[in-house]
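For reference, the chains in residue letters:
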Amino acid sequence: MKNKLLALILITSTLLVGCKEKVYEDQRMGDSRERSMKIEYNIYTANIIDSGYNWYSNFVNEFLESIKDRDYKVDPSFVNSQIKKVEIKKKEVSDINTTYVKNAINKVSEDISKGEKNDKKFKKTIKSSKENINKNKDTMENMLVSIEDALKLGLDGSYNEEDLSKMKDLQINLIKTYDEKLRDNN
């Protein structure tokens, strides 16, 4: 009897330890998925904010300021290095996992909506935000392509007056695109 009781306790404790490990693993996987969703959401929102004014400033304006004293003459390898920076940003934007962003919005909206259960405007805003994720991502990618194309104008070794005029138009178009397509659609 004592041996049976000891064997039963041993089997039960083994099962409980196994269950505990499985529960811990499930929690850890859930936590890592949640962290991944938050990271993707943060990357997405940071890029939307930066796309409005910072991208032009960081990728074009600062670059042009650095070559202004040389009458906008530039070594093509310097232009290529600037283009590489834009390509890195393009990859970051294109790699945004929109499913994770949508899931993060769902999670945030669930937490917020506890007090806003009957707020139709809130629900409409959340629905609109989720519907616009792919469109916003495409818009940001197109903005970066425009920046890259503008930088390529200097691959011939200089930016002439026509190139600089296109750069100025680019700035206007980026701000307009941000204002009309991204600022209020996220």
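For the structure, check the block above.
Residues numbered from 1 in each chain as written. Predicted model: local features only at pLDDT ≥ 70, side-chain atom pairs only at ≥ 80, totals over all residues. Heavy atoms only, no water.

(A) Expanded view of the pattern of salt bridges. Counted according to the given criterion, the structure contains 8 salt bridges. One salt bridge in this structure joins Lys 38 and Glu 34, with 3.7 Å as the shortest N-O distance. Highlighted residues: Lys 38 and Glu 34, both in helix α1 (residues 2-67), separated by 4 residues, approximately one helical turn. For Lys 38, a relative accessible area of 48% puts it in the partly exposed group. When its relative accessible area of 28% is taken as the criterion, Glu 34 is described as partly exposed. (Salt bridge = Lys/Arg side-chain N within 4 Å of Asp/Glu carboxyl O. Helix = DSSP H or I, 4+ residues; strand = E, 2+ residues; numbered from the N terminus. Buried < 20%, exposed > 50% of the residue type's maximum accessible area, 1.4 Å probe, protein only.)

(B) Local environment of the packing of aromatic side chains. Overall, the coordinates contain 3 aromatic pairs when judged by the stated rule. Aromatic side chains Tyr 53 and Tyr 178 sit 5.7 Å apart centroid to centroid with 65° between the ring planes, which places their arrangement in the edge-to-face category. Of this pair, Tyr 53 sits in helix α1 while Tyr 178 sits in helix α5 (residues 161-182); the two residues are 125 residues apart in sequence, bridging distant segments of the chain. Three or more aromatic residues link up through ring pairs in this structure, and these residues are Phe 63, Phe 78 and Tyr 159. (Phe/Tyr/Trp six-rings, centres within 6.5 Å; stacked < 30°, edge-to-face > 60°.)

(C) Just the environment of Glu 141, in detail. Mapped onto the secondary structure, Glu 141 falls in helix α4 (residues 120-152). Expressed as a C-alpha distance, the spacing of Glu 141 and Lys 91, which sit 50 residues apart in the sequence, is 8.9 Å. Apart from residues lying up to four places away in sequence, Glu 141 is in contact with Val 93 and Ser 94. (Contact = heavy atoms within 4.5 Å.)

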